[in-house]
Structures are given as structure tokens and as C-alpha cells.
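What follows is the residue order along each chain.
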Amino acid sequence: MSERRLALVTGGARRVGRAIALELARAGCDVLITYNASESEARSASAEIERVGVRARAEALDLNDLERVERFSERLAKELPRVDVLVHNASIYFPTPLASLSPRSAEDFMHVNALAPLVLSRALAPRLAERGRGSIVAMVDMHALGRPRVGMSAYAMSKAALVEMVRSLARELAPAVRVNGVAPGVVAWPESGYEADRAMQQRYLQRVPMGRAGTPEDAAGAVRWLALDAPYVTGEIVRVDGGRWLA
């Protein structure tokens, strides 16, 4: 890695995470992405990032293993030349109707979507603070802000916890590190399950004033702004939902 700003993006191999990593690369950041099972896509994303003219690195990380997350983040805190941006993008998402919800799946949601980001933030906070302008951006969900969806309780609870992490750390890490969140509506439809059904998607979009789904690039642009171009913004959750919150 070089003396350019360095951004760490969890889940940066695919979909929204990949768009975020590329957006930060285009803004001049070297980028380190993590992935879980998407090794080939992580290699492809790294090559695409490097074609922008910055450096890229990809590392495997299972966010459900909090001890491993702690070891990983402490190692990075020691070996990286600098850390300027931390984007908590990786998450798990699937329905958990109450009648079939297991304690283990509820625990998995909390580990991956809330506790792993907290562990990473704790370990990397001193490095982010070194130059007095570090930034953490967490990908939350507009439905976890008070628009709950049926059958999604475990997911929604984990993302609501992440929202409170944003607000709490914004106070605790100020003024050296800003902490914000991006709350998408639909910026990338699930690749499987009932939400991959075209008819279901059209029903959802009827409640979106913009009349269409967003794109991963829409979310990535908001992350870039909060991470790099909003020096007096902290503790905020920016909705990127095409107006869905209003409908």
C-alpha cells in the first residue's frame, strides 16, 4: 500500500460492496476488501480496482467468527501504513418468520451485521484517528429505521443495532473520526428467494416515489460523500431509497 488514503471495505467483492470499493478507488484511495466465500470475485474486483490506478488487496474474513475478526483487525492495525476509511458493508440477509426463527440464526445476524463491525471499529479506531480525519461508514437499512418488514425481525434488529453503533461511536470517536451510515432501500435486488420474483419487485416499487430501484452506484456515491467529502457531518444516517421512506 502507498501513502494514498486507504479504505477498508468489508464484503467488497460483489454487488454493492464492489461498487463502493470502485467508487473509493476512483476517488484516489488504495482499497483493501474482505470477502467470505467469493474468492474469485474478490480477485476480479482487485484487478478492476487496480486498473483505476490505485492499489488493491483482498483478504478472506468470516465475520461470524468474532475471535477471528478481532485477530484480523488487530493485525491490520499493526501492519497497515495507514487507515483512513472503514466501510461496514458485508451483511447477511434472509427472512426469519417468527415461527421458524432459531436462536442460532438470530445470533448469526447479530454477529455479522452488528458485533463484527463494532469489533473492527474498536481495533482500527486509533489508526483512523491518526491524521484527525478518519471516517467510518456503515451500510444499514431504511427499513430498520422504523419501517419494519414482516418476517425480517432478526435482520432488522441487527441493522438497528448497527444504527445505534453509528450514533454512539460518532460521539465517542469525535472529533478525529467521523461515523455515519447509509440506509438504502432497494439498490440491488436479492439474487434468490421471494424478493427475486419480478412480480414482488413491481409491488414494492409501487411504493417508491422515484418509480424504480436504485443501483449499487447510487449507494456507493453516498458512501464516498460521507467518507471523503463531508468533513462536518457525523452521526447521520443518509437514506438512499428513492423516497420509499415517505410512501
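It should be noted that the structure appears before, not after, this text.
Report follows, based on the coordinates. Since the model is a prediction, treat every value here as computed from it, not as a measurement.

Some words on the nonpolar core
Reasoning step 1: Residues Leu124, Val179 and Tyr204 are the most contacted members of the largest nonpolar core, which totals 42 residues.
Reasoning step 2: Looking at this core, the elements with two or more residues in it are strand 1 (6–9), helix 3 (66–79), helix 4 (103–129), strand 5 (134–139), helix 5 (153–173), strand 6 (177–184) and helix 6 (198–205).
Reasoning step 3: Those residues in contact with Tyr204 that sit more than four places away from it in its chain are Met142, His143, Arg149, Gly185, Val186, Trp189 and Arg244.
Reasoning step 4: Judged by nonpolar contacts, the second largest core, of 36 residues, contains Val9, Val85, Ala220 and Ala230.

Overview of the sheet that holds strand 1
Reasoning step 1: The parallel open sheet is built from seven strands, whose spatial order is 3-2-1-4-5-6-7. Both edges of this open sheet fall to strand 3 (56–60) and strand 7 (237–240), since each of them pairs with a single strand only. Here the strands of the sheet are splayed against their neighbours by 15° on average, with no regard to which way each runs.
Reasoning step 2: In terms of strand pairing, strand 5 meets strand 6 through six bridges, oriented parallel.

With respect to helix 6
Reasoning step 1: Of the residues making up helix 6, those classed as buried are Met200, Gln201, Tyr204 and Leu205. In an axial view of helix 6, the angular spread of the buried residues amounts to 135°, which keeps them on one side of the axis.
Reasoning step 2: Sitting at the amino-terminal end of helix 6 is Asp197, which places a side-chain oxygen 3.2 Å from the backbone nitrogen of Ala199.

Points about the packing of helix 4 against helix 5
Reasoning step 1: Where helix 4 meets helix 5, the closest approach of the two axes is 7 Å, and the angle between their N-to-C directions is 15°. When the interaxial angle is binned, helix 4 and helix 5 end up roughly parallel. Helix 4 and helix 5 meet at a crossing whose hand is right-handed. Between helix 4, through Ala106, Phe109, Met110, Asn113, Ala114, Pro117, Leu118, Ser121 and Ala125, and helix 5, the contact on the second element is made entirely by Ala154, Tyr155, Met157, Ser158, Lys159, Ala161, Leu162, Met165, Leu169 and Leu173.

Considerations on the environment of Ala144
Reasoning step 1: Note on placement: Ala144 falls in the loop between strand 5 and helix 5.
Reasoning step 2: Contacts of Ala144, omitting those with residues within four sequence positions, involve Ala156, Lys159 and Ala160.

Quick look at the packing of aromatic side chains
Reasoning step 1: Inspection of every chain in the model, using the stated rule, returns four aromatic pairs.
Reasoning step 2: Their ring planes at 45° and their centres at 4.6 Å tell us that Phe94 and Phe109 sit as a pair that is tilted. Placement of the pair is Phe94 in the loop between strand 4 (85–88) and helix 4 and Phe109 in helix 4, with a sequence separation of 15 residues.
Reasoning step 3: When its relative accessible area of 35% is taken as the criterion, Phe94 is described as partly exposed.
Reasoning step 4: For the cation-ring pair, Arg147 lies above Trp245, with the distance from its terminal atom to the ring centre recorded as 4.0 Å.
Reasoning step 5: Against the face of Tyr204 rests Arg244, its NZ or CZ located 5.4 Å from the ring centre.

Thresholds applied
- Residues numbered from 1 in each chain as written.
- Predicted model: local features only at pLDDT ≥ 70, side-chain atom pairs only at ≥ 80, totals over all residues.
- Heavy atoms only, no water.
- Core = buried A, V, L, I, M, F, W, Y, C linked by side-chain atoms within 4.5 Å.
- Buried < 20%, exposed > 50% of the residue type's maximum accessible area, 1.4 Å probe, protein only.
- Helix = DSSP H or I, 4+ residues; strand = E, 2+ residues; numbered from the N terminus.
- Contact = heavy atoms within 4.5 Å.
- Pairing = 2+ DSSP bridges.
- Axes fitted to C-alpha atoms, helices over the stretch in contact; angles between N-to-C directions.
- Arc of directions from axis to C-beta.
- Polar contact = N/O pair within 3.5 Å; in protein donor to acceptor, adjacent residues only side chain to side chain.
- Parallel < 35°, antiparallel > 145°, perpendicular 65-115°, else oblique.
- Left-handed = near helix turned anticlockwise from the far one by under 90°.
- Phe/Tyr/Trp six-rings, centres within 6.5 Å; stacked < 30°, edge-to-face > 60°.
- Lys NZ or Arg CZ within 6 Å of the ring centre and 35° of its normal.

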